[in-house]
Structures are given as C-alpha cells and as structure tokens.
Amino acid sequence: MANKATKSGALSVLTWEQVSRLNEVLAEAVPVHGRGNFPTLEVRLKDIVARVRSRLELSGIRVKDMRLNGSTASHVLVQDVGWSYKDLDVIFRVDLPHEAEFQLIKDVVLGTLLDFLPEGVNKEKITPMTLKEAYVQKLVKVYTEQDRWSLISLSNNNGRNVELKFVDSIRRQFEFSVDSFQIVLDSVLSYYDLSKTPMSPAFHPTVVGESMYGDFGMALSHLRNKLIATKRPEEIRGGGLLKYCNLLVRDFRPTSEEEFKGLERYMCSRFFIDFPDIGEQQRKVEAYLQSHFVGEEKSKYDYLMILRRVVNESTVCLMGHERRQTLHLISLMAFRVLAEQNAIPDASSVTCYYQPAPYVRDHNFSNYYVANQNIPTWLPCN
C-alpha cells in the first residue's frame, strides 16, 4: 500500500504496515545497562517518552510534539533495507529560551529513570548525579543563536541507546535523504492512553511522517532503492563523510556518480575543517565504528577501506604530509580490525610499505651511499 501524500510534499500519512512496525518499536522492551552494580532497566520507548513529556509539562515546559528520528524511523518506513536500526532516537520539540530549561530537562529525565528501577531498590538515597553516572552514556548541550538543543543518551551495551533529544532550533536535521525522516508520535501515544482495543488494519491511529529533505516521496524512493542523495554537505558537521561511507558499505549507491565525485570533495573538506588534528580524526572514526557496527565486525574492514578510498581520491584541502598521515591512520585501523578478527591475510598476497628514515634525505650523512635520484615518501617492500 502506498503512502498518502499530504498537501505539503514533505509530509505523508503512514500505511497500516508502517504503523504496525512503529507500534512494535515503541512497545519493545529495551535494556538500559547500568555501570558497576547498578541494575539493568527495562524501558519501553512509549513509556519513557510519555512520562518525560508529562513531567516536562508539569514543570512548565510545553512539548509541541514528539518525533521518532533517524535510522529507527527509516526502519519503520521500509523494513530490511540493508541496515539494522541502532539508536532509538526521539525528538521533543520544545522552547529553550534560557539555559535554565536545560537543567530542568536533565532533572526531569533523570527523575523519570527512578520509575524504571526494579522493585526493592531504595530510591530515596539515589541522587540525580548518581543516576547520571550510572545510566547516561552521553550528555550534550548546544546553546547558540542558531542552535539550541540538548541530548541525553541512555546506555546500552549493544549499541541500541535510547536517545532523547530536546530541540528548540537546529540548522541541519539530516545528513542524507534516507535518514531525513521523522515520525510524529503524538497520535500513537494518545491511542495508547485512550483506547484499550489493539491496533488492527481497520482500527489504528493516523500517523504522519515528515522528510526533512523536503520531498517525502523522493526520499522514500531513495530508501527503498538504496540510493544516496543529499543537499549542501558542507553544512553538515563532519561533512557527512562517515555516514556516506557507511551507506556505501551497505550497497547504497549515489543517485549521480558524477555529482557525488564533486560532493565527496565537499564532504572531505568539511570533515578536515571540523577534525583537523589526527588524534581527533582517530577518536571520531573509532567512536563511529563502535556505535554503528555493533555485531557487524566483519563490515568494519570494508568500511575503513571505502573511507580510505574516498579520502585518497577526494581530499584537496590538506597538505601532502597531512593527507598521507590520515591515510596511514585509516590503514592502521583497518589492519587492527583484521588482527582482532584473526583475519590477517597471507603475506604473499600483501604489498606493504615502509617510510625511509629521515637520514636518507640528509646528504651530509656520509655513512650511507645515497643514489642521485628522487626518493618517494613511501617505498614498496618488494
């Protein structure tokens, strides 16, 4: 059954099959793992979202709407597209006129976690700081003229973090058309509150989805056909480079190979502007691998090789030694991935490279005979 477009091309009404998958996602119990001796919390997305909204409004913060975002929204719209959804990402649209609201939101979320502690736990001695240290993996606050939002990510050892994002304004809400979807949850949550009848093809709430890409039908077609499209990648923090390579390793392909050769240069330029230091680059790539390839260890090597190819072919903003340094870093990370999998290939099929010692270029160093020729930076072992 086709999605019904609304008057705005960015919006569409979900089909029953999509609403049914949404219901499954919201009703599934997701473990939030505690550090140390803290117990694991069993959290259903529909429960924590409803309780956080209720407590925010009791605290004076009006929630305009709540939306399922990212890869989980894509999974609801198109099943089995080649990636398993990871984070359960929910957006609360709120007003954040002052920094005081950020603290209030954090207190509300941490207080809500108390509701999910197992019976028998003495909650009176557990402080918000204790809950933060035990269950929060990531806490982000952005407060500028153009961007006002915060993120509270709850820990899951399998990479399926419950991510609650509170957004007043944000300049860029998607990287590519296939991850631009947001599904408005308010009608589903109202159904849970008001109806005791299980959902069915004949009786279920009307749910609306929106594509931040701007054209819902086109973005959905890209998702179904595993096509890569974006707009102005230079606006994306990191240029969308890491996500782009993730799509490529999952057999997505650009809508236009020629156009994307140019866009790859924008992606690489923005990535190295945002992460100029080699240490930052390493931390960013390692964190991406850790959060997006849980249970997919064999794909990490292929991903790194695609990333290396794109950086090698499309980086024009770096000095030669900086570019080689980054390529060397990616190669080392790929080799380490193989070593962790005990999958290092037979040496007879490997071309390895070594870097000449600095004194080879020093013509005052007389203990070695140096041929009168240009020596490349990297020399093949063979």
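Quick note: structure is the one above.
Residues numbered from 1 in each chain as written. Predicted model: local features only at pLDDT ≥ 70, side-chain atom pairs only at ≥ 80, totals over all residues. Heavy atoms only, no water.

Caption draft 1: Seen up close, the overall build of the protein. For the protein, the helix and strand inventory stands at 12 helices and 15 strands. Buried residues in the protein amount to 45% of all 382 residues. If you sum the accessible surface of the protein, you get close to 20,200 Å²; carbon and sulfur atoms cover 49% of it. (Helix = DSSP H or I, 4+ residues; strand = E, 2+ residues; numbered from the N terminus. Buried < 20%, exposed > 50% of the residue type's maximum accessible area, 1.4 Å probe, protein only. Areas by Shrake-Rupley, 256 points an atom, 1.4 Å probe, with all protein chains shown as cover.)

Caption draft 2: Up close: the pairing of strand S4 (residues 41-44). Burial along S4 is one-sided: the face carrying Leu41 and Val43 is buried and the face carrying Glu42 and Arg44 is not. Pairing between strand S3 (residues 29-32) and S4: four bridges, direction antiparallel. Each residue of the ladder has a partner; that of Pro31, found in S4, is Glu42. (Pairing = 2+ DSSP bridges.)

Caption draft 3: Broad picture of helix H2 (residues 45-58). With 14 residues, H2 extends 20 Å between its outermost C-alpha atoms, agreeing within 8% with the 20 Å of an ideal straight helix rising 1.5 Å per residue. Looking only at H2, the buried set comprises Leu45, Lys46, Ile48, Val49, Val52, Arg53 and Leu56. Positive backbone phi, at 95 degrees, marks Gly60, one or two positions downstream of H2. (Expected span 1.5 Å × (residues − 1).)

Caption draft 4: Structural context of the packing of aromatic side chains. Throughout the structure, instances matching the rule amount to 12 aromatic pairs. Residues Phe92 and Phe166 carry aromatic rings whose centres are separated by 4.8 Å and whose planes lie at 20 degrees to one another, so their mutual orientation is stacked. You can see Phe92 sitting in strand S6 (residues 88-94) and its partner Phe166 sitting in strand S9 (residues 162-169), a full 74 residues away along the chain. Each of the two residues, Phe92 as well as Phe166, counts as buried. Ring centres 5.9 Å apart and planes at 55 degrees place the aromatic pair Tyr191 and Phe203 in the tilted group. Here the residue Tyr191 occupies a position in helix H6 (residues 186-194), and Phe203 occupies one in the loop between H6 and strand S11 (208-211), the gap between them amounting to 12 residues. Taking the relative accessible area as the measure of exposure, Phe203 reaches 44% and is therefore partly exposed. Here the aromatic cluster, defined as three or more aromatic residues joined through ring pairs, consists of Phe176, Tyr244 and Phe260. One residue, Lys141, lies across the ring of Phe102, its end atom 5.7 Å from the ring centre. (Phe/Tyr/Trp six-rings, centres within 6.5 Å; stacked < 30°, edge-to-face > 60°. Lys NZ or Arg CZ within 6 Å of the ring centre and 35° of its normal.)

Geometric values such as these leave the question of function open.
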